[in-house]
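# Structural features, examined
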Amino acid sequence: MSYSQLKSGTDVRGVAESFGGKTVNLTDQAVYDITAAFVVWFVNSFEKPSNELKIAVGHDSRVSADRISNQVKKALINAGITVLDCSLASTPAMFMTTVDLGADAAIQITASHHPSDRNGLKFFTENGGLEGNDIAEILKLADNGEEIICNRAGKVTAVDYMPQYASRLRKMICDAVGKREEDKPLSGFKIVVDAGNGVGGFYATDVLQRLGADISGSQFLEPDGMFPNHIPNPEDKAAMKSICDAVLKNNADLGLIFDTDVDRAGCVGSDGIEINRNRLIALASYIAMQGNSGATIVTDSVTSDGLKKFIEGTLGGKHYRYKRGYKNVIDKAVELCNEGINCPLAIETSGHAALRENYFLDDGAYLVTKIVIELARGKNINKILDPLEMPAEEKECRFAITVPDFREYGNKVIEELEKFASVNDGYKVADDNREGIRVFTPNGWFLLRLSVHDPVMPMNFESRKIGGIAEDIAAIKPFFERFDGLDCSSLI
């Protein structure tokens, strides 16, 4: 097997346990070889000998974590590297070891919200997470068996870093409201946390409770890599219903939910209504634009028209829709900043939110800390979002491309749709298409795009009225039926 099969965007991911019914491909040998290849890549990229390197290693709550961690550390030790073993840690915290602990790099063992039989590796340098082409290069080095063996073995030092990371978040809150920790600035607030049995339980006990918040009613704080209660994913309907119910049951001021490794988060207002996707982006934009008048907010392509109105009309900013993929959104925000454009936030509808003030690191705990600060300042989170127009309906269909050259075929479909929409009354092609094509209809809009990696074309619809999407689908369906290489059976 070529290790290139383990590439998942900007991460390495695979099957780590056989209990899911699939063959394990993230084997001990694979983990060792890929870690060794990362060392070769780092030494080549940063021109620093391996025996002078300090690399932090952490993991989420998955049951395969210890096995994989042992192989990662073995490869690093053989290269003469000093290993900072952070054990159970969030993914954003692992990047922060390059800031707080002086680590040259960090490796997080995680597969985010994926099933419990999966796991993977995420790599950081002081410049942030690696790009997809970096991962491809590392996997090619691993296929070739590239490795640095040092004549002096490295050493492992246990580091309890998460308390330091939590202290940083507590300080943010105290500084923002002008109080000390001993003043208990969150006293009087009830905040429930759902960690989904991932890593995020620390936020309830080591951040909120330490500052005086009532966290009773919080749930699934204990790490359990089998995720027995629900998928730890703020986009999962069952997970969001669970935290919404907890907020109402406990009469809480706010509910917070994290994914497994805490690089994403969602929240729930005191009314029990979820603040996720477009609502989360709106709230994060409100926060990010404080002191950044007229700033640009970068999002992915599927965000709603109501969000654009909120950012540009209510907040007075600019909305820059870009490609799907959190790293694409972050990289575009960095690029705009380098061009002199004031861009304080990059955020995807999945909940990946990266603030410029925080190294453009997608960090769910940092984002919810900014939201908790608004609560502590006496702001009504629900009222902040009142001006945001929400659609009456939304829907996503996914069309499989059944011809070999799926990319060329998909781009041809998009090209033909643009021609079709340009000459049809009632349709208007959006002027800010940077991925696929967005078309305004009498009822709302639809967006057709090509998946980054797979032979699939997702199509998103929004309507301002009930029944509007059915009308738009009926009107556009004959267009798609012309394409024999496109399976449009989901367009109903």
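See the structure printed just above.
Presented here is a report on the structure given in the accompanying data block. These figures come from a predicted structure and were not determined experimentally. (Residues numbered from 1 in each chain as written. Predicted model: local features only at pLDDT ≥ 70, side-chain atom pairs only at ≥ 80, totals over all residues. Heavy atoms only, no water.)

Looking now at the overall build of the protein. The secondary structure content of the protein amounts to 14 helices and 23 strands. Based on the C-alpha atoms only, the size of the protein along its principal axes is roughly 75 × 60 × 45 Å. Residue burial in the protein is summarised as follows: out of 492 residues, 57% are buried. The contacts of the protein with a sequence gap of at least 6 include a subset with a gap of at least 24, amounting to 70%. (Helix = DSSP H or I, 4+ residues; strand = E, 2+ residues; numbered from the N terminus. Buried < 20%, exposed > 50% of the residue type's maximum accessible area, 1.4 Å probe, protein only. Contact = heavy atoms within 4.5 Å.)

As a further point, take unusual backbone geometry. One non-glycine residue, Asn 251, lies in the positive phi region at around 50°. Tracing the sequence through the fold places Asn 251 in the loop between helix H7 (237-249) and strand S10 (254-258). Positive phi outside glycine occurs at Val 262, with the angle close to 70°. Topologically, Val 262 is positioned in the loop between S10 and strand S11 (265-268). The class for Val 262 is buried, based on a relative accessible area of 1%.

Here we come to the packing of aromatic side chains. Summed over all chains, the structure comprises 20 aromatic pairs. With a centroid separation of 6.3 Å and an interplanar angle of 70°, the aromatic rings of Trp 41 and Phe 46 are classed as edge-to-face. Look at Trp 41 and you get buried, because its relative accessible area is 6%. Pairing Phe 202 with Tyr 203 gives two aromatic rings, centres 6.3 Å apart and planes at 85°, and the pair type is edge-to-face. Grouping residues by exposure puts Phe 202 and Tyr 203 together as buried. Sitting above the plane of the Tyr 320 ring, Arg 434 keeps its charged end 3.5 Å from the centroid. In this structure, Arg 438 is placed above the aromatic ring of Trp 445, and the distance from its NZ or CZ to the ring centre is 3.9 Å. (Phe/Tyr/Trp six-rings, centres within 6.5 Å; stacked < 30°, edge-to-face > 60°. Lys NZ or Arg CZ within 6 Å of the ring centre and 35° of its normal.)

Pairing within the open sheet is mixed, and its 4 strands lie in the order S9-S10-S11-S12. Two strands bound the open sheet, and with one partner strand each, they are strand S9 (191-194) and strand S12 (274-275). (Pairing = 2+ DSSP bridges.)

Once that is clear, we can look at a nonpolar patch on the surface. A surface patch of nonpolar side chains, amounting to about 260 Å² of accessible area, comprises Phe 19, Val 63 and Met 226. Assignment of secondary structure puts Met 226 in the loop between helix H6 (201-208) and H7. (Patch = residues over 30% accessible without salt bridge, like charges linked within 9 Å, V, L, I, M, F, W, Y side chains within 5 Å. Areas by Shrake-Rupley, 256 points an atom, 1.4 Å probe, with all protein chains shown as cover. Salt bridge = Lys/Arg side-chain N within 4 Å of Asp/Glu carboxyl O.)

The subject of this paragraph is the packing of helix H13 (residues 406-422) against helix H14 (residues 468-480). For the pair H13 and H14, the least separation of the axes is 11 Å and the interaxial angle reads 125°. With respect to their mutual orientation, H13 and H14 come out oblique. Along this stretch, H13 crosses H14, giving a crossing that reads as right-handed. Facing H13, whose interface residues are Val 413, Glu 416, Leu 417 and Phe 420, H14 presents Ile 476, Phe 479 and Phe 480. Grouping the constituent residues of the contact of H13 with H14 by class yields 6 nonpolar, no polar and 1 charged. (Axes fitted to C-alpha atoms, helices over the stretch in contact; angles between N-to-C directions. Parallel < 35°, antiparallel > 145°, perpendicular 65-115°, else oblique. Left-handed = near helix turned anticlockwise from the far one by under 90°. Nonpolar A, V, L, I, M, F, W, Y, C, P; charged D, E, K, R; others polar.)

With 12 residues, helix H4 (residues 132-143) extends 17 Å between its outermost C-alpha atoms, agreeing within 8% with the 16 Å of an ideal straight helix rising 1.5 Å per residue. For H4, the set of buried residues is Gly 132, Asp 134, Ile 135, Ile 138, Leu 139, Leu 141 and Ala 142. Gly 145, located one to two residues past H4, shows a positive phi value of around 70°. (Expected span 1.5 Å × (residues − 1).)

Bringing the packing of helix H1 (residues 28-46) against H4 into the picture now. Two numbers describe how H1 lies on H4: the axes approach to 8 Å, and their chain directions differ by 115°. In this structure, the crossing between H1 and H4 has a hand that is right-handed. The residues of H4 that touch H1, namely those facing Asp 33, Ile 34, Ala 37, Phe 38, Val 40 and Trp 41, are Asp 134, Glu 137, Ile 138, Leu 139, Leu 141 and Ala 142. Residues that form the contact of H1 with H4 fall into these classes: 9 nonpolar, no polar and 3 charged.

The 5 strands are arranged S14-S13-S15-S16-S17 in an open sheet whose pairing can be described as mixed. The strands lining the two open edges of the sheet, one partner per strand, are strand S14 (318-321) and strand S17 (361-362). Relative to strand S15 (residues 345-347), strand S13 (residues 296-299) is paired through 3 bridges, and the arrangement is parallel. Across the sheet, the residue bridging to Ile 297 is Leu 345, located in S15. Helix-sheet contacts for helix H8 (residues 277-288) involve S13, S15 and strand S16 (353-355), and the interaxial angle to S15 is about 170°.

With that settled, consider empty space enclosed by the protein. Summed over the entire model, instances satisfying the criterion amount to 1 cavity of 30 Å³ or more. Approximately 50 Å³ is the volume attributed to the largest cavity. Lining the largest cavity are Ser 301, Arg 321, Tyr 322, Asp 432, Asn 433, Arg 434, Glu 435, Arg 438 and Leu 447. Its residues placed into classes, the lining of the largest cavity shows 2 nonpolar, 2 polar and 5 charged. (1 Å grid on protein atoms, 1.4 Å probe; cavity = no way out; pocket = protein on both sides within 12 Å on 5 of 7 lines; lining within 4 Å. Points joined across faces, edges and corners; volume = space filled by probe spheres on them.)

Fair warning: the whole summary comes from geometry, so function is off the table for now.
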